[in-house]
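# Understanding the architecture of this molecule
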Amino acid sequence: MVLPIVKYGHPVLRKKGERIEAITPEIKKLIADMFETMEASHGVGLAAQQVGIAKQLTVIDVRAVTDRPSTLELDGKPAEVDSLMPLVLINPEIIPVGEPVAGPEGCLSFPEIFADISRPGAVDVQALDAKGRPIAFRCGGLLARAVQHETDHLNGVLFIDRMDKKTKAELQPELDDLQAATKKGLQKK
Ligand code: ZN
């Protein structure tokens, strides 16, 4: 089921996600629905907060993006990125390992707003997968960017918080409009 995507201005986007302690049927359904929702919107990643649920759960799939490479290391050895896709991260913990790299970013909760964001070029990731099994890997490129963007969501942090001041100031009128439209929509309900 494709779920409505929560837009900037909705308070759930600022909520820290609760840890997931068990892979219940509800969580399995949520994971399936989040993949469907992300694919319908042609996104690379989607966090539970973006469908209105503050939990430590995100789904990622970088396979549709061919012009921005990703790298993957498993147990210290290079691995095929596709072997990890589609990716479910539950309760993820990340440690930056690379120098900051600037790159373009968007967010399904901020339609038509894009900006260059500086983030570490690689990260070590520990999480649980869709079956609740521990997984660990190091990634770089687009995948590292997506993992950091989505992990931020799980902590109530948005990509506008990572923009440099000048970029954010330039986008502020659009951000204000989006926030106002979202709040207006919430009042109607
Ligand atoms: Zn986002």
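Before going into details, it helps to say that this report is about the structure given with it. (Residues numbered from 1 in each chain as written. Predicted model: local features only at pLDDT ≥ 70, side-chain atom pairs only at ≥ 80, totals over all residues. Heavy atoms only, no water.)

## With respect to the overall build of the chain
Counting its regular elements, the chain contains three helices and nine strands. Counted from the first residue to the last, the chain has its helices and strands arranged as α-β-β-β-β-β-β-β-β-β-α-α. Computed over its C-alpha atoms, the radius of gyration of the chain comes to 16 Å, within 12% of the 16 Å expected for a compact globule of 189 residues. Reported as C-alpha extents along the three principal axes, the dimensions of the chain are approximately 50 × 40 × 25 Å. Each of the 189 residues in the chain was classed as buried or not, and the buried ones make up 44%. Put simply, 71% of the contacts in the chain that link residues at least 6 apart link residues at least 24 apart. A total of about 10,000 Å² of accessible surface is found on the chain, and carbon and sulfur atoms cover 55% of it. (Helix = DSSP H or I, 4+ residues; strand = E, 2+ residues; numbered from the N terminus. Rg over C-alpha atoms; globule rule 2.2 N^0.38 Å. Buried < 20%, exposed > 50% of the residue type's maximum accessible area, 1.4 Å probe, protein only. Contact = heavy atoms within 4.5 Å. Areas by Shrake-Rupley, 256 points an atom, 1.4 Å probe, with all protein chains shown as cover.)

## Details of the coordination of the zinc ion
Tetrahedral metal sites with four donors have an ideal angle of 109.5 degrees; octahedral sites with six donors have ideal angles of 90 or 180 degrees. Bound to the zinc ion are the protein donor atoms Cys107 (SG), His149 (NE2) and His153 (NE2), situated 2.0 to 2.2 Å from the metal. In primary-sequence terms, the residues that donate to the zinc ion follow C-x41-H-x3-H. Remark: His149 occurs in helix 2 (residues 141-154) and Cys107 occurs in strand 6 (residues 100-107); sequence separation between them is 42 residues. Comparing Cys107 with His149, the two get one shared label, buried. (Donors = N, O, S within 2.8 Å, 3.2 Å for Na, K, Ca; no water.)

## Structural notes on the nonpolar core
Core analysis: the biggest nonpolar cluster contains 18 residues, and Ile60, Leu87, Leu89, Phe137, Cys139, Leu143 and Val147 have the highest contact counts within it. It is helix 2 that contributes the most residues to this core, five residues altogether. Leave out the neighbours within four places in its chain, and Phe137 touches Leu72, Glu73, Leu74, Leu84, Leu87, Leu89, Val123, Asp124 and Val125. With 17 residues, the next largest nonpolar core counts Val6, Cys107, Ile160 and Leu171 among its residues. (Core = buried A, V, L, I, M, F, W, Y, C linked by side-chain atoms within 4.5 Å.)

## Thoughts on a negative patch on the surface
A cluster of acidic residues, Glu112, Glu174, Asp176 and Asp177, forms a negative patch on the protein surface. It is helix 3 (residues 165-188) that contributes the most residues to the negative patch, three residues altogether. Relative to the assigned elements, Glu174 resides in helix 3. (Patch = residues over 30% accessible without salt bridge, like charges linked within 9 Å, V, L, I, M, F, W, Y side chains within 5 Å. Salt bridge = Lys/Arg side-chain N within 4 Å of Asp/Glu carboxyl O. Lys, Arg positive; Asp, Glu negative; His and termini not counted. Charge placed at Lys NZ, Arg CZ, Asp CG, Glu CD.)

## Things to note about the environment of Pro92
Here Pro92 lies in strand 5 (residues 87-96). Pro92 gets classed as buried once you look at its relative accessible area, which sits at 7%. With 56 residues separating them in the primary sequence, Pro92 and Gln148 have C-alpha atoms 9.9 Å apart. Discounting residues that sit within four places of it in the chain, Pro92 has contacts with Gln56, Gln126, Ala127, Thr151 and Leu154.

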